[in-house]
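# Structural characterization, general
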Amino acid sequence: MAAAGAPVREAETTLAPLTGYTVAVTAQRRADELSTLLERRGARTIVAPTLRIVPLPDDEALRAATVELIREAPDLVVATTGIGFRGWLEAAEGWGMGEDLLDVLARARILCRGPKALGAVRAAGLTEEWTAPSETGDEVVEYLRARGVGGQRVAIQLHGDPAEDFIRTVRAGGGAAVPVPVYRWTLPTDITPVQRLVDAICARRIDAVTFTSAPAANALLRIAGDQAADLLEALRAPAEDNGVLPVAVGPVTAAPLERLGVETVQPQRARLGSLVRAVASALPKRSRRLKLATGHQIELRGHMVLLDDQPFQLPPAPMAVIRALATANGRVLSRTELLGHLPRGADGHAVEMAVTRLRDAVHLRSCVETVIKRGYRLNLEA
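If you check an unreviewed UniProt entry, the chain appears there as Uroporphyrinogen-III synthase from Glycomyces endophyticus.

As a further point, take the nonpolar core. Formed by 31 residues in total, the largest nonpolar core has its most connected members in L292, V321, I322, L325, L338, V368 and L378. Only β13 (297-301), β14 (304-307), α13 (316-328), α15 (348-361) and β17 (375-378) provide two or more residues apiece to this core. Ranked by residue count, the leading element in this core is α13, at 8 residues. Counting residues in hydrophobic clusters, the runner-up holds 28 residues, among them W88, A91, W95 and V121.

Another point: the packing of aromatic side chains. Within this structure, the stated rule accounts for 2 aromatic pairs. Pairing W130 with Y143 gives two aromatic rings, centres 4.1 Å apart and planes at 15 degrees, and the pair type is stacked. Linking W130 in strand β6 (residues 130-131) with Y143 in helix α6 (residues 137-147), this pair joins segments that are 13 residues apart in sequence. Each member of the pair, W130 together with Y143, is buried.

We now examine the pairing of β13. For β13, a buried count of 4 out of 5 residues is recorded, marking the element as mostly surrounded by other parts of the structure. The pairing of strand β12 (residues 288-291) with β13 spans 4 bridges and is antiparallel. Within β13, the position partnered with R289 by the bridge is E299. Judged from the 4 bridges that link them, β13 and β14 form a sheet pairing that is antiparallel. Looking across to β14, one finds that R301 is bridged to M304.

With that out of the way, let us pick up the sheet that holds strand β7 (residues 153-159). The strands that make up a sheet pair up through hydrogen bonds in the backbone, lying either parallel or antiparallel. As summarised here, the arrangement of the 5 strands in space is β6-β5-β4-β7-β8, forming an open sheet in which the pairing is parallel. Two strands close off the open sheet at either side, each with one partner strand: β6 and β8 (176-182). Two strands pair when backbone bridges link them, and strand β4 (residues 76-79) and β7 are joined in this way by 3 bridges, in the parallel orientation. Within β7, the residue paired with V77 across the bridge is A155.

As a further point, take the side chain of R153. By secondary structure assignment, the location of R153 is in strand β7. Take R153: its relative accessible area is 11%, and that puts it in the buried class. Within the structure, R153 has its side chain in polar contact with the backbone oxygen of E72 (distance 2.8 Å). Residues in contact with R153, not counting those within four places in the same chain, are E68, L69, E72, A73, P74, D75, L76, A176 and V178.

Here is what the cut-offs are and how they apply
Residues numbered from 1 in each chain as written. Predicted model: local features only at pLDDT ≥ 70, side-chain atom pairs only at ≥ 80, totals over all residues. Heavy atoms only, no water. Core = buried A, V, L, I, M, F, W, Y, C linked by side-chain atoms within 4.5 Å. Buried < 20%, exposed > 50% of the residue type's maximum accessible area, 1.4 Å probe, protein only. Helix = DSSP H or I, 4+ residues; strand = E, 2+ residues; numbered from the N terminus. Phe/Tyr/Trp six-rings, centres within 6.5 Å; stacked < 30°, edge-to-face > 60°. Pairing = 2+ DSSP bridges. Polar contact = N/O pair within 3.5 Å; in protein donor to acceptor, adjacent residues only side chain to side chain. Contact = heavy atoms within 4.5 Å.

Here you go:
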């Protein structure tokens with residue numbers, strides 16, 4: 001890794017799509033995989049899971065639901081996720097109920113939300129009645145409404161979220177819904193990393209935040225507390241205002257944010273690899289490219305500046321200054337205005353130091369012009 005303010009070596013000048021960008025990961029499950037995929041594309045990642053998964057063997061709610069279904073068998077079973085369905089069977093096996101649960105499931109009609117759930121059902125030696133072609137919960141809900149569930153007992157395998165649409169549809173149709181809470185989520189034991197993430201989002205020190213479940217998005221807002229309004233403002237802000245890009249794995253995950261007026265980027269398929277590709281496609285489009293009066297071209301990419309395509313990593317203060325000057329688009333910003341973009345506790349001298357470090361970092365002192373008794377401006381082409 002090159003030192004802050006130093007140009008990246010020539011061998012590294014073919015930039016990966018996410019070079020210069022900082023991306024937050026809010027997932028717990030598969031967090032390492034997601035952060036690795038992002039880092040392979042050049043991103044710097046911050047991992048701060050907003051939820052903690054309750055271990056299946058310790059989950060008394062899942063055990064109670066399993067006992068209830070074995071005692072009074074369901075007519076219909078909805079399998080929503082492959083990992084959740086397999087986890088349920090494995091937990092039942094550990095409790096000594098595996099054979100009894102499989103016997104109950106074999107006598108029920110099974111609906112699958114998508115191919116992963118279908119694969120888990122078939123791997124268990126079971127046969128499905130139907131699989132949702134679009135892999136969405138809405139399609140399963142429509143199937144239940146169309147076929148009717150009156151007088152039927154319906155087991156709904158949950159996966160972290162309460163699946164209220166499923167439960168409401170069954171009950172409205174005259175059926176009895178039995179939620180099976182596989183992988184319940186709670187807040188982390190230590191919420192400090194998430195609180196730091198909230199601070200970073202509000203200060204717009206990161207470029208994108210990823211969500212792989214609706215409960216994770218809700219938990220971030222819950223932990224934000226009094227900062228929730230500032231957090232939402234940062235997520236709603238456009239690229240030119242240094243807004244933080246929210247990226248959700250699919251529409252269900254995005255729903256809590258969309259309801260609050262946060263427009264999210266979503267991949268075409270709700271897959272981890274597709275999520276990473278969506279981030280790698282969207283962030284570079286938000287970079288800022290400006291032409292200096294000297295003929296040089298600069299590009300702002302997260303915490304990095306490119307001068308004539310040569311990348312320079314900058315410390316936070318000089319990066320904050322050049323972002324503010326770029327947003328001003330050639331207008332003079334006073335020391336007081338620039339001070340508002342620096343970390344709390346900074347003073348007027350810190351502004352001067354940040355400007356000096358910026359000029360030195362990119363080896364081009366003429367990029368920022370000092371306007372006597374007024375402040376500083378980016379020396380842009382007229």
